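Observations on chain architecture
One letter stands for each residue in the lines below.
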Amino acid sequence: MKVQKDHSVAFSWFGIIAVATFIISWICAASIDTAWEFGVNVLSEFGISDTDARFYFNYGCIIAGALVIVFGFGHIATAKNAGHTVGGAFLAAGGIMLLLIGLITMDSHDPHYFVAVSAALFVFCSVVAVAAGNWAAGQKMFAGIGICVSLTVAAMVFVYSVAEIGAYGIILGMIWLLAESVRMIVSGRKN
Amino acid sequence: METVPRNVKIGGALGFLGGIISVVCLAFFFRPEETALVDMGVYMLLAAMFFSLAGGLTRGGQWSWNILLLMTFLTISAIGCAVVFSAIDLYVAITLAVIGAVIVASLSMPSARTWTDRMRV
């Protein structure tokens, strides 16, 4: 049986590689800058580290951001409904902000806080919109992942510190991005 | 009389088990303090949600397959939120989340969809 794939399979790899890039840059930065503590220090502190960790983190954000932008536009191009289109647009905007986090480091204060909070909000809105799109498209299992992730992150806002929300929120966001990439691979295959 | 698919039986039994675990934990972690009201309330909420899932997976259930699946995801989300608020014991939360995930798996079978939609009141 010959399996044909549409462009959504190709675009989905950008999401998977973006997650892999960010995880690798995070691990490298954390192993170099041993003063950074999970849940105590915010991730952006890597960007102004005295060690080489700042290069890993900043370049990691720039590369991962560029990949997320492509993934977001791919999401729009292969959208099945308005939820996917809006979610893809939010994701592309989130990718732009992630890229800017690598360029505008924490020592610039307000501009950095603006891009960091905007990135988080855009990705959160994308999770909600794509979950609605997946539910409408009949891909309810993948929609469920978005529902669980968005509600858990929303609860974190009321309880956790900024450092904890950043760390746990990014982990949940990466899990969602991987799940969304898998959905695009699954839905892109035709018999 | 139409036989109940095995995966629906398993899903219903697990929903019932989740409810029982929540009620047992409510009794086990009970503290006669005003500050414990939230924690007790969370266990009660989870018990109600799991029992309602078990009810949905029986003959003449109250929900269609779509709503049943949505409620299962909301139950798992409620467990996640309870963990975030530290209102529930972590090991109990993991156990209940696994039960919720298995219910989702049982609902994902095609036979569960046709049966729950046909047997709905």
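What comes next is a walk through the structure. (Residues numbered from 1 in each chain as written. Chains lettered and ligands numbered in written order. Predicted model: local features only at pLDDT ≥ 70, side-chain atom pairs only at ≥ 80, totals over all residues. Heavy atoms only, no water.)

1. Some points on the overall build of chain A
From N to C terminus, chain A includes six helices and two strands. Its helices and strands in sequence order give chain A the pattern β-α-α-α-α-α-α-β, from N to C terminus. Against the compact-globule benchmark of 16 Å for 191 residues, chain A has a radius of gyration of 17 Å, which places it among compact chains. Summarising its shape, the C-alpha atoms of chain A cover approximately 55 × 35 × 25 Å along the three principal directions. Split into buried and exposed, the 191 residues of chain A put 47% on the buried side. Considering only contacts in chain A between residues 6 or more positions apart, those separated by 24 or more positions represent 68%. As displayed, chain A has an accessible area near 9,000 Å², and 71% of this comes from carbon and sulfur atoms. Distance from the positive charge centre (8 side chains) to the negative charge centre (10 side chains) of chain A: 29 Å. (Helix = DSSP H or I, 4+ residues; strand = E, 2+ residues; numbered from the N terminus. Rg over C-alpha atoms; globule rule 2.2 N^0.38 Å. Buried < 20%, exposed > 50% of the residue type's maximum accessible area, 1.4 Å probe, protein only. Contact = heavy atoms within 4.5 Å. Areas by Shrake-Rupley, 256 points an atom, 1.4 Å probe, with all protein chains shown as cover. Lys, Arg positive; Asp, Glu negative; His and termini not counted. Charge placed at Lys NZ, Arg CZ, Asp CG, Glu CD.)

2. Let's talk about the side chain of A:Ser126
Residue and element names in this part refer to chain A. Tracing the sequence through the fold places Ser126 in helix H4 (residues 110-136). On the basis of relative accessible area, Ser126 is assigned to the buried category, the value being 0%. Not counting the four nearest positions on each side in its chain, Ser126 is found in contact with Gly87, Phe90, Leu91 and Trp176.

3. Structural notes on the nonpolar core
Judged by nonpolar contacts, the single largest core of 35 residues is most densely connected at A:Phe22, A:Trp26, A:Phe46 and A:Phe57. Elements supplying a minimum of two residues to this core: helix H1 (7-32), helix H2 (53-77), helix H3 (82-103), H4, helix H5 (140-159) and helix H6 (162-188) of chain A together with helix H3 (65-84) of chain B. Element by element, the count of residues in this core is highest for H2(A), at seven residues. Ignoring any residue separated from it by four or fewer positions in sequence, one finds A:Phe57 in contact with A:Phe22, A:Ala29, A:Leu43, A:Ser44, A:Phe46, A:Gly47 and A:Ile101. Ranked by size, the runner-up nonpolar core spans 32 residues in total, among them B:Met49, B:Leu68, B:Leu96 and B:Met119. (Core = buried A, V, L, I, M, F, W, Y, C linked by side-chain atoms within 4.5 Å.)

4. Some details on H5(A)
Along its 20 residues, H5(A) runs 29 Å from first to last C-alpha, staying within 8% of the 28 Å computed at 1.5 Å per residue. Among the residues of H5(A), those classed as buried are A:Lys140, A:Ala143, A:Gly144, A:Gly146, A:Ile147, A:Cys148, A:Val149, A:Ser150, A:Thr152, A:Val153, A:Ala155 and A:Met156. Buried residues belonging to H5(A) abut H4 and H6 of chain A together with H3 of chain B. (Expected span 1.5 Å × (residues − 1).)

5. Concerning the packing of H5(A) against H6(A)
Residues and elements named next belong to chain A. Put simply, H5 and H6 touch, their axes get as near as 10 Å, and they point 170° apart. In terms of orientation, H5 and H6 fall into the roughly antiparallel class. Contact residues: Phe142, Ile145, Gly146, Val149, Thr152, Val153, Met156 and Val157 in H5; Ile165, Tyr168, Gly169, Leu172, Trp176, Ala179, Val182 and Arg183 in H6. Within the contact of H5 with H6, the residues separate by chemical class into 12 nonpolar, three polar and one charged. (Axes fitted to C-alpha atoms, helices over the stretch in contact; angles between N-to-C directions. Parallel < 35°, antiparallel > 145°, perpendicular 65-115°, else oblique. Nonpolar A, V, L, I, M, F, W, Y, C, P; charged D, E, K, R; others polar.)

6. What about the interface of chain A and chain B?
Listed per partner, the contact involves 14 residues of chain A and 15 residues of chain B. Interface area, chain A with chain B, both sides summed: about 1,200 Å², of which 85% is carbon and sulfur. The largest contributions to the chain A side of the interface with chain B come from A:Trp135, A:Lys140 and A:Met141, which together make up 38% of the buried area. For the pair chain A and chain B, the number of links is zero salt bridges. At the junction of chain A with chain B, the criterion picks out one residue pair in polar contact (both at pLDDT 80 or more). By residue number, the principal contributor to the side of chain A that touches chain B is H5(A), which donates 12 residues. Tallied by class, the residues present in the side of chain A that touches chain B amount to 11 nonpolar, two polar and one charged. (Buried area = accessible area lost by both parts, 1.4 Å probe. Salt bridge = Lys/Arg side-chain N within 4 Å of Asp/Glu carboxyl O. Polar contact = N/O pair within 3.5 Å; in protein donor to acceptor, adjacent residues only side chain to side chain.)

7. Remarks on the packing of aromatic side chains
Residues and elements named next belong to chain A. In this structure the tally under the stated criterion is 14 aromatic pairs over all chains. Taking the centre distance of 6.2 Å and the plane angle of 70° together, the rings of Phe22 and Trp26 count as edge-to-face. With Phe22 and Trp26 both in helix H1, this residue pair falls four residues apart, about one helical turn. Ring pairing ties together the aromatic residues Phe22, Trp26, Trp36, Phe38, Phe46, Phe57, Tyr160 and Tyr168, which thus form one cluster. We note Lys140 situated over the ring of Trp135; from NZ or CZ to the ring centre the distance is 5.1 Å. (Phe/Tyr/Trp six-rings, centres within 6.5 Å; stacked < 30°, edge-to-face > 60°. Lys NZ or Arg CZ within 6 Å of the ring centre and 35° of its normal.)

8. Quick look at the pattern of salt bridges
Applying the stated criterion across every chain yields a total of two salt bridges over all chains. Notably, a salt bridge pairs A:Glu180 with A:Arg183, separated by 2.7 Å at the nearest N-O pair. In this pair, A:Glu180 and A:Arg183 are both assigned in helix H6, three residues apart and thus about one turn of the helix distant. Judged by its relative accessible area of 1%, A:Glu180 falls in the buried class. Note that B:Arg31 and B:Glu33 form a salt bridge whose closest N and O atoms lie 3.5 Å from each other. Overall, the relative accessible area of 34% leaves B:Arg31 in the partly exposed class. With relative accessibility at 43%, the residue B:Glu33 sits in the partly exposed group.

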